[in-house]
Each structure stands twice: as C-alpha cells, then as structure tokens.
Amino acid sequence: MAKLTNLFINRAQHVMKYLGVWVPDESDTIYRKLYKIFMLSLQYTFLLFQMIFVVQTWGDWEAVADAVYVLFTQASLCCKIGVFHINYEGVRELCQQMNNEVFRPTCVVHERILQIRANNIKRLLLCFIGAAQMTCLAWGVAALPLFDNGSRKFPFVMWMPVKSDSSPQYEIGFLFQELTICTSAMIYYGVDSVAFSMVIFACAQMEIIMEKILSVILKNDGFLTKHYLNGNKILIECVKHYQAVITFKELVENTFHIYMFFQLIGTVGIIVMSAFRILVLKNESFQFISTIIYVIVMVSQIYLCCWCGHELTATNEKLHKVLYMSLWYEQDVKFQRALCFMMARIERPLVLRAGHYISLSRQTFVGILRMSYSYIAVLNQTM
C-alpha cells in the first residue's frame, strides 16, 4: 500500500499546497513564500476590516449582528491557520508517524480497514466543503444588483477602503470579499481534514489491533507450544501498536488542541449571532435562506469535530471488549497475564480534548447547542 498520509490526507495536502499554506519546505522558492504571505494577508486583512466595522458601529446591535457572525468565522479561520503554521513541526512529525512501520498494514484485511475509514472521513469532509462553497456562492449572488432594487452592495457588511457606488472600486471590493471568503472555506477544509483524518486514522489502527487479537485462535494440530509462542508474539505486537496509537493521539492533541478549543468557543458566537440575524431578516429574502444554510454548515462542522473525538473514545472502549472476547482461555498463563495488563491500560478512556480541557464527544456537541439556545433566548429578550 502507498504511504498512509496519501491515503488519509492527500486531498488536504493538495488543497493547501495549491493555496500556498501547507507545511513549509526547505525547497520552497522565494515566489512560493511570497504567494503564501499574499494568501495569508488576504485572510487577516478580511478580519481586520470586519473588526474596524464592529468598532465603528458598536451599540447598533442589528448592524453588529450583520458583521459579527462572519467575524467569528474568520477569527476561527485565522486562529486555525496560525496554529497550523506555529506547530508545523508537529504536523510534519504526525505525517512521519503515520508512515511508521508499526502502522503499516500487513494483510488485505488491514488495508480494507484503513481504506474504509479513509473513505468515510473523506466523504464527510467533502460534503462539508461542498455546502460551504455553496454558501459562499449564495452570499455573492445575494449581493448582486439583481436584488434590493438593483442597488450595489458588497457581499459582507464590513469597513472597506473602496466604495460600492462607483466603478471599478465596486468590482475590486466585490472580488476581494468573494475571493477571500471562498479561500477561507478551502483553508477551513484543509486544516480540518488534516486534524480529523488523523483522529480517524488512530481509530482505524485500533480496529487493526482488534483484528490481530481475534486472529489468535487455537489450532488443534498438536503443536501447542508453537501456537502459544505465536499468540504471545501477536499480543506483544498489539501492545506496541497500541502504545504507538496513544503516542500519536497525544501528538495530535498537542498540535491542534488550541484551534479546537477556539473553534468550540467561536461556534457558540457564530450560532448565536447568526440566529439573531435570522430573526431580523425577512423570511422571503435570499439573505435569510443563505444565513440558514450557513448555520447548518457551521453546526455540521462542529458536529464533525465532536464526532471524531467520540469515535476515538468509542473505538477504544470496543477494543477493551474485543480483548475479553478473544480466545484468551485457550492460551498459556503468560498470554493471559499480559492480556490482563493490556486490558487494565485500555480500560482508561482515550479522550481527545480541546484546550487539554474540553472532551470532544456527542455530549459536548449537545452542550454547545444548549448553550447557544440559552444565549439566543437571552439576546432575543433584551433586544
């Protein structure tokens, strides 16, 4: 099988390399470095313009709501790409660990497990980026002069150094906003693909460990000594394999925990301000529909984050059950003793935490929705 990094994160690598924001390489030319600076400057400039507008209109809550929901999204994106580049050595080490010998499949069954897991996460992320790009396109269409009595306006409410009532300033501002927001969605997809795919990679490795354990069966061929030695060898391999998975998971958490934490906090603000904007928009307006789609996309994105963490914990629990379901009673005492130690270690939950504090799980996702609803209710009563 080809490199496992290609199997799980090849799409993300291609997208981020195309956008110039992938892990820097010593062979990068000066032109590529300048291209990276240009692409990153677009994102931070977009965020700066939004912050200026919020400061200027502070106190007019309807105007602030029109800008803040995208402000939270852009701030999350800038945090993600900033953390990604600050911890690029960790990302590089993760990619190297994915191709370690201990993680390589040794049979067709193992290859199938990895392929299924990689395809599942790729499909989910592809649905996310498809919906995100449709939302960006809807924002651009809603701002065209075809709506609102043919008046010119930019897709997003923010401070701009150009005016919308004259050309070519209008075209330049419109192109800047649409290009930047579409690029933001692709960077979102790239960073999330790397982080989430690595978590699912760890899940696939634990499934391979399960398959190895269940392959230890008693052969009634009269060569029990050889069979016992083979069973102990497989168990030792599984222990080493599991320890490598734990090390890999800890490195994933250390590399991405800051942006995951900021993503959880930012999503609450995104949902609250988007819902408030929906309340003040007309039901039949195009902006109303596009904002609803945007909320659905952001909720699905945070669910995907929590689902990956939940899947990691659930797979670890399943591994503990599979160890007991193995034919340990047909093995020698050495195998049984080693299996008891392994089960005692696996009994401890394997949890992925944002900010080393908030566990990523379905319960966390439900808690985010409840908190968002509470803030929406309070904000609606005070306005």
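Shown above is the structure to which this text applies.
Okay, so let's go over this structure. (Residues numbered from 1 in each chain as written. Predicted model: local features only at pLDDT ≥ 70, side-chain atom pairs only at ≥ 80, totals over all residues. Heavy atoms only, no water.)

### Looking at the side chain of K212
Assignment of secondary structure puts K212 in helix α6 (residues 169-214). Not counting residues within four places of it along the chain, the set of residues in contact with K212 comprises H110, I234, C238 and H241. (Helix = DSSP H or I, 4+ residues; strand = E, 2+ residues; numbered from the N terminus. Contact = heavy atoms within 4.5 Å.)

### What about unusual backbone geometry?
Between S167 and P168 the backbone carries a cis peptide bond, its omega angle lying at 0 degrees. Locating P168 in the fold gives a position in the loop between α5 (108-142) and α6.

### Considering helix α9 (residues 333-346)
Under the 1.5 Å per step criterion, the end-to-end length of α9 is 20 Å for 14 residues, consistent within 8% with the ideal 20 Å. Of all the residues in α9, the buried ones are F335, L339, M342, M343 and I346. Buried residues of α9 fall within an arc of 100 degrees about the axis and therefore sit on the same side. Exposed and facing more than 90 degrees away from the buried side of α9 are V333, K334, C340 and F341. (Expected span 1.5 Å × (residues − 1). Buried < 20%, exposed > 50% of the residue type's maximum accessible area, 1.4 Å probe, protein only. Arc of directions from axis to C-beta.)

### A word on the packing of α5 against α6
Remark: α5 packs on α6, axes separated minimally by 8 Å, with the N-to-C direction vectors making an angle of 160 degrees. In terms of orientation, α5 lies roughly antiparallel with respect to α6. By crossing handedness, the relation of α5 to α6 is classed as right-handed. For the contact of α5 with α6, the per-class residue count stands at 24 nonpolar, six polar and six charged. (Axes fitted to C-alpha atoms, helices over the stretch in contact; angles between N-to-C directions. Parallel < 35°, antiparallel > 145°, perpendicular 65-115°, else oblique. Left-handed = near helix turned anticlockwise from the far one by under 90°. Nonpolar A, V, L, I, M, F, W, Y, C, P; charged D, E, K, R; others polar.)

### A short note on the state of the cysteines
Where two cysteines share a covalent bond between their sulfur atoms, that bond is called a disulfide. Tallying each qualifying case throughout the model produces zero disulfides. No disulfide involves C95; its sulfur sits 16 Å from the nearest other cysteine sulfur, which is in C308. In this structure C95 comes out as buried when scored by relative accessible area, which is 13%. Lacking any disulfide linkage, C306 is separated from the closest cysteine sulfur, that of C305, by 5.4 Å. For C306, a relative accessible area of 0% gives the class buried. (Disulfide = S-S within 2.5 Å.)

### What about the packing of aromatic side chains?
The description of two aromatic rings rests on the distance between their centres and on the angle between their planes. Inspection of every chain in the model, using the stated rule, returns 15 aromatic pairs. For the ring pair W139 and Y294, a centre distance of 5.1 Å and an interplane angle of 50 degrees mean the geometry is tilted. One end of the pair, W139, is in helix α5; the other, Y294, is in helix α8 (residues 286-325), and 155 residues separate them in sequence. You can call W139 buried: its relative accessible area is 7%. (Phe/Tyr/Trp six-rings, centres within 6.5 Å; stacked < 30°, edge-to-face > 60°.)

### Focus: helix α4 (residues 88-98)
Within α4, the full set of buried residues consists of G90, V91, L94, C95, Q97 and M98. On an axial view of α4, the arc spanned by its buried residues comes to 160 degrees, and they lie on one face.

### Some thoughts on the packing of helix α3 (residues 61-86) against α6
Between α3 and α6, the least distance of the axes is 10 Å, while the angle of their chain directions is 50 degrees. Between α3 and α6, the crossing angle belongs to the class labelled oblique. Seen from above, α3 lies across α6 with left-handed handedness. Between α3 and α6, the residues in contact are V70, T73, Q74, S76, L77, K80, I81 and F84 and I181, S184, I187, Y188, V191, D192 and V194, respectively. Broken down by class, the residue content of the contact of α3 with α6 amounts to nine nonpolar, four polar and two charged.

### Brief notes about a nonpolar patch on the surface
On the surface, I30, Y31, L34 and I37 cluster together into a nonpolar patch covering about 480 Å² of accessible area. Inspection of the secondary structure puts I30 in helix α2 (residues 30-56). (Patch = residues over 30% accessible without salt bridge, like charges linked within 9 Å, V, L, I, M, F, W, Y side chains within 5 Å. Areas by Shrake-Rupley, 256 points an atom, 1.4 Å probe, with all protein chains shown as cover. Salt bridge = Lys/Arg side-chain N within 4 Å of Asp/Glu carboxyl O.)

### Brief notes about the pattern of salt bridges
Where charged atoms from two side chains of opposite charge approach closely, those side chains can pair. One pass over the full model with this rule turns up six salt bridges. The partner of R117 in a salt bridge is E207, with the nearest N and O atoms 2.8 Å apart. Pair noted here: R117 is in helix α5 and E207 is in helix α6, with a separation of 90 residues, a long-range link. Between K249 and E253 there is a salt bridge, and its shortest N-O distance comes to 3.1 Å. Of this pair, K249 and E253 both sit in helix α7 (residues 224-280), separated by four residues, roughly a single helical turn. When its relative accessible area of 10% is taken as the criterion, K249 is described as buried. Residues joined in a network through salt bridges with shared partners are R117, E207 and E311.

### Comments concerning empty space enclosed by the protein
Applying the stated criterion to the full structure yields three cavities of 30 Å³ or more. Counted as a void, the largest cavity has a volume near 170 Å³. Every residue lining the largest cavity is counted, 15 residues in all, and those nearest its centre are T73, A132, A185, Y294 and M298. Of all elements in the fold, only α3, α5, α6 and α8 reach the threshold of two or more residues within the lining of the largest cavity. The element best represented in the lining of the largest cavity is α5, accounting for five residues. (1 Å grid on protein atoms, 1.4 Å probe; cavity = no way out; pocket = protein on both sides within 12 Å on 5 of 7 lines; lining within 4 Å. Points joined across faces, edges and corners; volume = space filled by probe spheres on them.)

### Some thoughts on the environment of S166
Among the secondary structure elements, S166 is positioned in the loop between α5 and α6. In this structure the C-alpha to C-alpha distance between S166 and V351, which are 185 residues apart in sequence, comes to 55 Å.

### Describing the layout of surface pockets
When its volume is computed, the second largest pocket comes out at roughly 320 Å³. Counting only elements with at least two residues in the lining of the second largest pocket, the list comes to α1 (4-19), α2 and α4. Of the residues in the lining of the second largest pocket, the class split is five nonpolar, five polar and six charged.

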